[in-house]
Amino acid sequence: MATIIGGIGSSHVPTIGLIHDKGRQHEPAWAPLFEGYKPVARWLEEKKPDVLLFFYNDHANSIFFDFYPTFALGVSPSFELADEGAGSRPLPPIRGHSELAIHLAEQLVNDEFDLTIFQDRPLDHGCHSPLPLLWPPTVAADGVQDGWPGAVVPIQVNVLQYPMPTAARCWKLGQAVRRAVQSFPGDLKVVVVGTGGLSHQIHGERTGFNNTEWDMQFLELLEHDPERLAAMRHVDYVRLGGAEGAEVVMWLAMRGALGERIRKLHQNYYLATTTAMAVVLFEESEAQR
Amino acid sequence: MNPQLEGIEHIAGTYPFDLRTSIRALRINRFFWNLARKEHRDELVADPDQAFRRAGLSDAECALVRARDWLGLIRYGVNFFVLEKYARVLRVSNLEVYAAMRGESLDDFLKTRRVPDAR
C-alpha cells in the first residue's frame, strides 16, 4: 500500500525559479528565501519519497480560457517544462508516475471527483518554480543534470477564472486523494505539495496588497483547524489575502490529504516585494499512515 | 451572482476574472496568450497593426495595447497572467507593471516594499 508521509506548502512565484536558474540564491535579498527551503530539502533527502503529488495551477501557459478545466490530473510518464515566453528552464524533463496517476483517476472518479485528464502538456511554473529547491536535480557522472530524485504527479486546479473550486471542495479533493493513495496496491511513499500564496495581489489599483497578520493566522489554522479555512468563501480570501492570494485553496487540498495527527517540522516566511513567500513542512505521525 | 463572490464589489481596485469577462474579452486575452510563442512575438514586434488585425482586436482594444495602459487593460477584462506575456515582449518587468497599475513610478513603488533589492 502507498502511504502519505508528509505535506509541503510552498509559494510558486516564478522569480524563485529565475533566481535559482541564474545561481543568485546567495544574494542578501534572496538568501532568506533559499535558506528557508534547505530543511525541507534535507527532510526529503532523508525520507526519500517516491512521488511528490502537486496541487498547483497553470498560469495560462499549457491551457487557455477556451477550454479551462477545474481539476486536471497529468498521467504522462514524463512532462516537459512550459516555455512561458522567456525560453525553457535549464532543467531536465520531469518524470511522471503513470501507474499511480491512473489509479488516482480511477479512484477519484469513482469517488465522485470527475477530473479532466491530461497528457503531453508541459508543466507550468506553478508546479516547478519551487521543485529544484525541494528536490535538487540528479547529476550524472559527466556533471550533466539528468533527472530528478523521484516522480511528480500533477493535479492542476483552476484558480484563475471564476467560478473556481471552493475552499471546501479543495479540502475534500485532498481527502479523496488520501483515500486513493492509500488504496494503491504498490509500495510507494508519497509527499503531497500545495503551491501558491501567500498574501498578494497583482492586478488593479490594489496591487501590492499584503497581510502578514492574516498569513500567520492562515498557517496556524492550516495546521490546527483546516475546516475553518474550508468554510471560508473566495471573497473572504480575496479580502484577507489579496485577489491572487486566494490560490491558497491549493494548500488546503494538500492539508486535506494529510491525516489529523501531523507535526509541523519547519516554516519559513519571506515577504520581499509583492508576494509573501512561504514554505511549510508537515510530517505525518507514523501511527496513522 | 457567484455565491463565493458576494460583496467583492466592495473591495476597491479588484477586478475578478469571471466568465462574463472571459467571454467578452476572449480575443484580446488570446492575443496576449499567444505571445508565449516566438512567432507571435516576432510578428508583434515586426508589424503591430498586422498582429492586431490577425487577432481581430477592436479599435478600442488596439488603443489600449498601443498605449501600454496596464490598468486600462485589466479593467477592460485582460487576465494578468496573459498580460504579463506582453510585458515580456516589451522588456518591461512585472514590478514596473505593478507600479503603473498603482499609478506610481517604479522607485516610489519599491519604497513601499520591504526588500526593494529582491528582483
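Before reading further, recall that the structure is shown in the block above.
Residues numbered from 1 in each chain as written. Chains lettered and ligands numbered in written order. Predicted model: local features only at pLDDT ≥ 70, side-chain atom pairs only at ≥ 80, totals over all residues. Heavy atoms only, no water.

## Regarding helix α2 (residues 26-33) of chain B
Every buried residue belonging to α2 of chain B is among I28, N29, F31, F32 and W33 of chain B, and all of these are buried. Buried residues belonging to α2 of chain B abut α3 (38-46), α4 (48-55), α5 (59-66), α6 (70-76) and α7 (80-89) of chain B. (Buried < 20%, exposed > 50% of the residue type's maximum accessible area, 1.4 Å probe, protein only. Helix = DSSP H or I, 4+ residues; strand = E, 2+ residues; numbered from the N terminus. Contact = heavy atoms within 4.5 Å.)

## Remarks on the side chain of N94 of chain B
Note on placement: N94 of chain B falls in helix α8 (residues 94-101). Once residues within four sequence positions are removed from consideration, N94 of chain B is found in contact with F80, E84 and R88 of chain B.

## Focus: the environment of F81 of chain B
Assignment of secondary structure puts F81 of chain B in helix α7. On the basis of relative accessible area, F81 of chain B is assigned to the buried category, the value being 9%. Linking F81 of chain B and S105 of chain B, residues 24 residues apart in sequence, is a C-alpha distance of 22 Å. With residues near it in sequence (within four places) discarded, F81 of chain B still touches H59, L160, I202 and E244 of chain A.

## Observations concerning the side chain of T14 of chain B
Residue and element names in this part refer to chain B. Structurally, the position occupied by T14 is in the segment before α1 (19-24). Taking the relative accessible area as the measure of exposure, T14 reaches 9% and is therefore buried. A distance of 3.3 Å separates a polar atom in the side chain of T14 from the backbone oxygen of A12. (Polar contact = N/O pair within 3.5 Å; in protein donor to acceptor, adjacent residues only side chain to side chain.)

## Observations concerning α7 of chain B
All names here are of chain B. Among the 10 residues that make up α7, nine are buried, leaving the element largely enclosed by the rest of the structure. Residues of α7 that are buried include every one of F80, F81, V82, L83, E84, K85, Y86, A87 and V89, and no others. Where α7 begins, one side-chain oxygen reaches toward the backbone nitrogen of F81, 2.8 Å away; that side chain belongs to N79. Taken from the residues just after α7, R91 is the one with a positive phi, measuring 60 degrees.

## Describing the sheet that holds strand β11 (residues 262-271) of chain A
All names here are of chain A. Spatial ordering of the open sheet is given by β6-β3-β9-β2-β10-β1-β12-β11, a layout of eight strands whose pairing is mixed. For this open sheet the edge positions go to β6 (116-118) and β11, each flanked by a neighbour on one side alone. In this sheet, neighbouring strand axes are inclined to one another by 20 degrees on average, regardless of whether the strands run parallel or antiparallel. Judged from the five bridges that link them, strand β2 (residues 51-56) and strand β10 (residues 189-195) form a sheet pairing that is parallel. Looking across to β10, one finds that L52 is bridged to V191. Together, β1 (3-10), β2, β3 (71-74), β9 (151-157), β10 and β12 (276-284) form the strand contacts of helix α7 (residues 167-182), whose direction differs from that of β2 by roughly 160 degrees. (Pairing = 2+ DSSP bridges. Axes fitted to C-alpha atoms, helices over the stretch in contact; angles between N-to-C directions.)

## Remarks on the interface of chain A and chain B
Across the boundary between the two partners, chain A contributes 42 residues, which contact 42 residues of chain B. Summing the contributions of chain A and of chain B, the shared interface buries around 3800 Å²; its carbon and sulfur component is 60%. Three residues, F64, Y162 and E205 of chain A, lead the burial of chain A against chain B; their summed loss comes to 17% of the area buried on that side. Between chain A and chain B we count two salt bridges in total. D66 of chain A is the salt-bridge partner of R30 of chain B, the closest N and O atoms lying 3.6 Å from each other. Taken together, the elements giving at least two residues each to the side of chain A that touches chain B come down to α10 (234-241) and β11 of chain A. Here the side of chain A that touches chain B takes four residues from α10 of chain A, the largest share from any one element. Taken together, the residues of the side of chain A that touches chain B break down into 18 nonpolar, 15 polar and nine charged. (Buried area = accessible area lost by both parts, 1.4 Å probe. Salt bridge = Lys/Arg side-chain N within 4 Å of Asp/Glu carboxyl O. Nonpolar A, V, L, I, M, F, W, Y, C, P; charged D, E, K, R; others polar.)

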